[in-house]
Amino acid sequence: MPGMSVPVPAAPPPAERSPSPQAARSPPPEPAVCVLCKYAGSQENPVVASVMAFISESAGKVSVGEISRQACIALNEELGAELTDGDVENHILTHSLDQRVVLSSILRDLVDIAQTVKHSSVVQDADTGAAAVDTKALLAYLKIVNEIQNIYKMESMKNLSK
Ligand SMILES: [Zn+2]
C-alpha cells in the first residue's frame with residue numbers, strides 16, 4: 001500500500017564477511033582439469049584410447065588401485081603428464097559412468113551386502129540354542145543374489161569371468 005512503507009535504513013556493509021580487496025582481486029583457483037575426462041571417448045590418441053579401454057575392461061577383474069597404478073604409468077609416459085595414481089583412481093570412482101565400471105562397483109557392494117545378510121539370516125534359537133533361519137533375512141538374501149545374477153547377465157558384464 002502506498003504511504004505505508006517505512007524507509008528501511010541501509011544495511012551496514014558486512015565488512016567482516018566480505019573478502020578483502022586483495023582476495024577479491026586474486027584470480028579464482030585453476031579449475032582442476034581431469035586429464036582422463038579430457039580424453040574420455042576420444043580416439044585421437046591411440047595409446048590413451050587403449051589405456052581408457054584397459055580401465056573399462058579391467059573393471060571388476062582387477063582392483064581399482066592396481067588399474068590406476070598401471071594406467072597412471074602408461075598415461076604419464078605417453079602424455080608427459082604428472083598424474084598420480086590418486087588422480088586416475090578419482091576419475092574411475094567419481095567421474096566415469098562407464099557402465100562396466102559402475103556395474104562392477106555395484107556388484108562388489110551387492111556381494112558384500114549378501115555376505116552380511118547371509119550371516120544374519122541364520123539365528124540361534126534363544127531357548128534351544130539350535131540354529132534357525134530368519135525367513136525375512138533369507139528372502140532378502142535371495143533377492144540380492146538374484147540382483148547379482150542380473151548384473152552378470154548384462155551385456156557389458158558378459159566377459160567378466162573370462
Ligand atoms: Zn575424470
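Not measured: the values here are computed from a predicted model. Numbering of residues starts from 1 in each chain and follows the order in which that chain's sequence is written. With the structure being a predicted model, the display of local features is reserved for residues of pLDDT at least 70 and the display and counting of side-chain atom pairs for 80 or more, all residues being used for whole-chain, interface and lining totals.

Caption draft 1: Structural view of the overall build of the chain. The secondary structure listing takes helices from DSSP runs of H or I that are at least 4 residues long and strands from runs of E that are at least 2 residues long, numbered from the N terminus. Helices and strands together make up the secondary structure of the chain, namely seven helices and two strands. Scanning the chain from its N terminus toward the C terminus, one meets helices and strands in the order α-α-α-α-α-α-β-β-α. As a rule, residues whose C-beta atom has 12 or fewer other C-beta atoms within 10 Å are exposed, those with 20 or more are buried, and those in between are partly exposed; C-beta atoms are placed from the backbone. Burial analysis of the chain (162 residues in total) assigns 14% to the buried set. Within the chain, contacts between residues separated by at least 24 positions form 56% of all contacts whose residues are at least 6 apart in sequence. Residues are treated as contacting if the C-beta atoms built from their backbones sit within 7 Å of each other.

Caption draft 2: Region of the structure containing the nonpolar core. Remark: nonpolar core denotes a set of buried Ala, Val, Leu, Ile, Met, Phe, Trp, Tyr and Cys residues whose joining runs through C-beta atoms within 7 Å. Judged by nonpolar contacts, the single largest core of 14 residues is most densely connected at Val51, Ile55, Ile67, Ala71, Leu75, Val88 and Ile92. Listed by contribution, the elements that provide at least two residues to this core are α3 (46–58), α4 (64–79) and α5 (85–95). Excluding anything up to four places from it in sequence, valine 51 contacts Ala71, Ala74 and Leu75.

Caption draft 3: Fine view of α3. What a helix is expected to span follows from its residue count: subtract one and scale by 1.5 Å. The end-to-end C-alpha separation of α3 is 18 Å, in line with the 18 Å expected for 13 residues at 1.5 Å each. Taken together, the buried positions of α3 are Val48, Val51, Met52 and Ile55. Angular distribution of buried residues about the axis of α3 spans 100°; they occupy a single face of the element. Turned more than 90 degrees from where α3 packs its buried face, Pro46, Val47 and Ala53 sit exposed. Glycine 60 occupies a position one or two residues after α3 and carries a positive phi of about 95°. Of all possible arcs, the one meant is that of the directions from the helix axis to the C-beta atoms.

Caption draft 4: Region of the structure containing the packing of α3 against α4. Two elements in contact, α3 and α4, have axes separated by 10 Å at closest approach and are oriented at 175°. By the angle between their directions, the pair α3 and α4 is classed as roughly antiparallel. Listed contacts from α4 to Val47, Val48, Val51, Phe54, Ile55 and Ser58 of α3 are Ile67, Ala71, Ala74, Leu75, Glu78 and Leu79. Put simply, Ala, Val, Leu, Ile, Met, Phe, Trp, Tyr, Cys and Pro go in the nonpolar bin, Asp, Glu, Lys and Arg in the charged bin, and everything else, Gly too, in the polar bin. Split into classes, the residues belonging to the contact of α3 with α4 amount to ten nonpolar, one polar and one charged. Angles here are taken between N-to-C directions and fall from 0 to 180 degrees, while the axes themselves are lines fitted to C-alpha atoms, restricted in helices to the stretch in contact. Note on angle classes: values under 35 degrees are labelled roughly parallel, values over 145 roughly antiparallel, values of 65 to 115 roughly perpendicular, and the remainder oblique.

Caption draft 5: Just α5, in detail. Buried within α5 are the following residues: Asp87, Val88, His91 and Ile92. Within α5, the buried residues cover an arc of 135° as seen down the axis, which keeps them to one side. Exposed residues on α5 whose side chains face more than 90 degrees from its buried face are Gly86 and Thr94. Tucked into the core, α5 has its buried residues touching α2 (35–39), α3, α4 and α6 (99–121).

Caption draft 6: Up close: the environment of aspartate 98. Relative to the elements of secondary structure, aspartate 98 occurs in the loop between α5 and α6. Overall, the presence of 18 C-beta atoms within 10 Å leaves aspartate 98 in the partly exposed class.

Caption draft 7: Local environment of the environment of asparagine 159. Take asparagine 159: it is sitting in the segment after α7 (135–153). Spatially, the C-alpha atoms of asparagine 159 and lysine 61 are 10.0 Å apart, while their sequence positions differ by 98 residues.

These values are about where atoms sit, not about what they do.
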